[in-house]
Amino acid sequence: MTKKFWLWIIIGVFIQACSEDETFTRRNYPFVESLDIQLVDNTGASVTFNVRQNGTTANTLFGVEYTEIQTGTVDEETRRYRSIEKTGTISDGIQSVRITHDIEAGQQYQVRPFVKSGSFTVFGYPMVFSSLGGLAPEILEISNKIIFGNTEIEISGNYFSTILERNIVEIPGLENIFEISIIESSIEKLKIRLTQKPLVQLPVENIKYDLKITVAGKNTTLTEAFSIGFPKIEEVSPLKGHVSSRFNLAVTDIMGLFNNQLNFNKIDSFYPEEISPLTKQASFYTGVVPNLPAGSYQLSIQNQEYINEYDQPFEVLNSWPVFLQDFSLPSFEFQKIQVGRDVVFMGTGGWTEISSLGLDLGQMKSFTEFEGIYSRRNHLLTAGQDRYIYFGLGTPLLSSESLKDFSRLDIQNNIWEKLPDFTLENSSISHSFEFQGNIVVIPFNYSNFQVFDVNSKNWKESDQVIPSLLRNAISITSRGNEIFFLIKEADIKIYKFILGQSPTLIGTLSTDSNTDLNRKAEIIEANNNIYTILGTSLIYKLDNQTNNLIRIQSIFDSINSNIMPLKTSEGLLMAFPVHPALNVEKRIIYKLQIEE
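Please read all numbers here as calculations on a predicted model, not as lab measurements. (Residues numbered from 1 in each chain as written. Predicted model: local features only at pLDDT ≥ 70, side-chain atom pairs only at ≥ 80, totals over all residues. Heavy atoms only, no water.)

A. Quick peek at the sheet that holds strand β41 (residues 482–488). In spatial order, the strands read β40-β41-β42-β43; together these four strands make up an open sheet with antiparallel pairing. The outermost strands of the open sheet, each flanked by one partner alone, are β40 (475–479) and β43 (504–509). Here the average twist between neighbouring strands, direction ignored, is 25 degrees. (Pairing = 2+ DSSP bridges. Helix = DSSP H or I, 4+ residues; strand = E, 2+ residues; numbered from the N terminus. Axes fitted to C-alpha atoms, helices over the stretch in contact; angles between N-to-C directions.)

The following block contains the structure:
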């Protein structure tokens, strides 16, 4: 046989082997053959490529990637490719993808087609073309048409660059007021942030501003895209309320109030302006009525750059109408104690004179004088069962003698009753208060509570140890099985104590000034509510569910005065305001009246 014959035999065997290998080891991915770049003009360029010999896995995505050809050596891994992707299944054959955007005239680009098949992405060989430019970006929609302060805006459209810095966004006329930064970019969307420059004011004229976007040397402009927005109060509901009550505020022409607040300016008065912080809800704001005297107020939103006043006044309601006034008071010096519906006046020079003011009719009546040993002493003086005054115990001033006598005055029958003497050796006490119907005493020199049982009329020692905090209390009250008390530090601390547990701090009454700390601080239960009172200026109610302190309107008619709180079945009364500087006691009683 000739050499030519054997050569043909070898070629045939090789071709057959290749065919068999192809048959048994078919690939999962296709071949991608780069063909040509066609139709290059000022609207873009078309890239053609051939998809050959599809693999076993369907092709799900195809397209092209392109990037500028830069001078010098560029590592392939650091090239910043833009991508045009098309979804869908494609078969063998020639495909064409047109690059229409983000290409600049006079710039050379490297482009490579690709096909994604399963987990494989197969690229064709890179090709190079010289661009004549592409389509200008398009603006279809903007999320915000109002600019106020620092604002974020989404721009929807087409032909933007996926590379942030290749998009140039301008708002002509606002260059010296806002910094514009692009925070997100894709072919169809840009997200920008406008940051107001420091120490510049927003223009107040009703001017419309254009939006200009440039990509790869081509730009588009949306005319009158923006205006500068200022908050405008559209609605306030309700238009009246007590101090600490809530109201809703609808505001338009603003993307967010940020640190802005609602101002209350008293109409026809020089009373200082007060501010209510606003809280953003889903579609409105909520505010809280600040501590202001009753009256009509102009509402406004303002800062250094603008002011918007609401066209209707807001009425701050009076929480302290007069309950009783112009009544008589005793002529002798006295100390006061409330017993049910009466305020009893006990003469300080010895209880030879005792009288009371009835809260219902405002009439005075007198009582039988105390027949026991009065003496000036740190005595127990506590009201109980809404009809008795309990008195006794204590140590006389400048003496170490312990007085153990104990009595009570029935103000309904005007009878003094001698009760069993105190059973402990030392009768010095720091506090006494009514608790669950009985009289509880905190003695100085004993660890446990001492209790006078009003039913059996006997003294007994409780098995409960007195907390050290409670010994330092400046005021004590009770409700059910709870004991509330105040501790005076830099501020006033409010504690709750349940027998068998440790006292719990439930609130702090921050004082407005050193003057406030000189007011008498008291805590009182009235109609199942707990109130903390620091004169007529700082009055708070304890929320029964949250233990939050709710501000109650100051008694502005007697501001900065000490006052006596009174508990009644219909709520809290405040009586006999005395201004410390003037030392004149007003003959007036106020009643708390707020919406629950």
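Having seen the model, we can carry on.
B. Quick peek at the sheet that holds strand β19 (residues 246–252). Spatially, the four strands line up as an open sheet ordered β17-β19-β23-β22, and their pairing is antiparallel. Across the chains shown, the open sheet's two edge strands, defined by having one partner strand only, are β17 (232–237) and β22 (279–280). When β22 meets strand β23 (residues 285–288), the two strands line up antiparallel, connected through two bridges. Across the sheet, K280 pairs through a bridge with Y285, a residue of β23.

C. Representation of the nonpolar core. I147, I155, L211, I213, F226, L249 and L262 are the most contacted members of the largest nonpolar core, which totals 45 residues. It is strand β15 (residues 208–215) that provides the largest number of residues to this core, a total of four residues. For I147, the contacting residues outside a window of four places in its chain are I153, I171, L174, F178, L194, F226, S227, I228 and G229. Within the second largest apolar cluster, 20 residues are counted, among which are V32, Y66, I103 and V122. (Core = buried A, V, L, I, M, F, W, Y, C linked by side-chain atoms within 4.5 Å. Buried < 20%, exposed > 50% of the residue type's maximum accessible area, 1.4 Å probe, protein only. Contact = heavy atoms within 4.5 Å.)

D. Representation of the packing of aromatic side chains. Counting across every chain of the model gives 19 aromatic pairs. Look at Y66 and Y109: their rings are 6.2 Å apart centre to centre, the planes differ by 70 degrees, and that puts the pair in the edge-to-face class. Remark: Y109 occurs in strand β6 (residues 108–117) and Y66 occurs in strand β3 (residues 59–68); sequence separation between them is 43 residues. No difference in accessibility class separates Y66 from Y109, as the two residues are buried. Each ring, one from F406 and one from F452, has its centre 5.0 Å from the other, and the planes form 70 degrees; the classification is edge-to-face. One end of the pair, F406, is in strand β34 (residues 406–410); the other, F452, is in strand β38 (residues 448–453), and 46 residues separate them in sequence. Comparing F406 with F452 shows no difference in burial state: the two are buried. Through successive ring pairs, a cluster of aromatic residues spans Y388, Y390, F406, F422, F452 and W459. Here the basic side chain of K280 rests over the ring of Y285, its NZ or CZ set 5.3 Å away from the ring centre. Positioned over the ring face of Y388 is R408, at 3.9 Å from the centre of the ring. (Phe/Tyr/Trp six-rings, centres within 6.5 Å; stacked < 30°, edge-to-face > 60°. Lys NZ or Arg CZ within 6 Å of the ring centre and 35° of its normal.)

E. Spatial organisation of the environment of T368. One can find T368 in the loop between β31 (364–367) and β32 (380–384). Among the residues examined, T368 registers a relative accessible area of 33% and is labelled partly exposed. Along the backbone, T368 and I354 are 14 residues apart, and their C-alpha atoms lie at a distance of 7.0 Å.

F. Geometry of unusual backbone geometry. Cis geometry is found at the peptide bond from S237 to P238, where omega equals -10 degrees. Here D326, not a glycine, exhibits a phi torsion of approximately 60 degrees, which is positive. Mapping D326 onto the fold places it in the loop between β27 (322–325) and β28 (334–339). At N527, a position not held by glycine, the phi torsion is positive, near 55 degrees. Following the sequence through the fold, N527 ends up in the loop between β44 (521–526) and β45 (529–534).

By themselves these figures say nothing about function.
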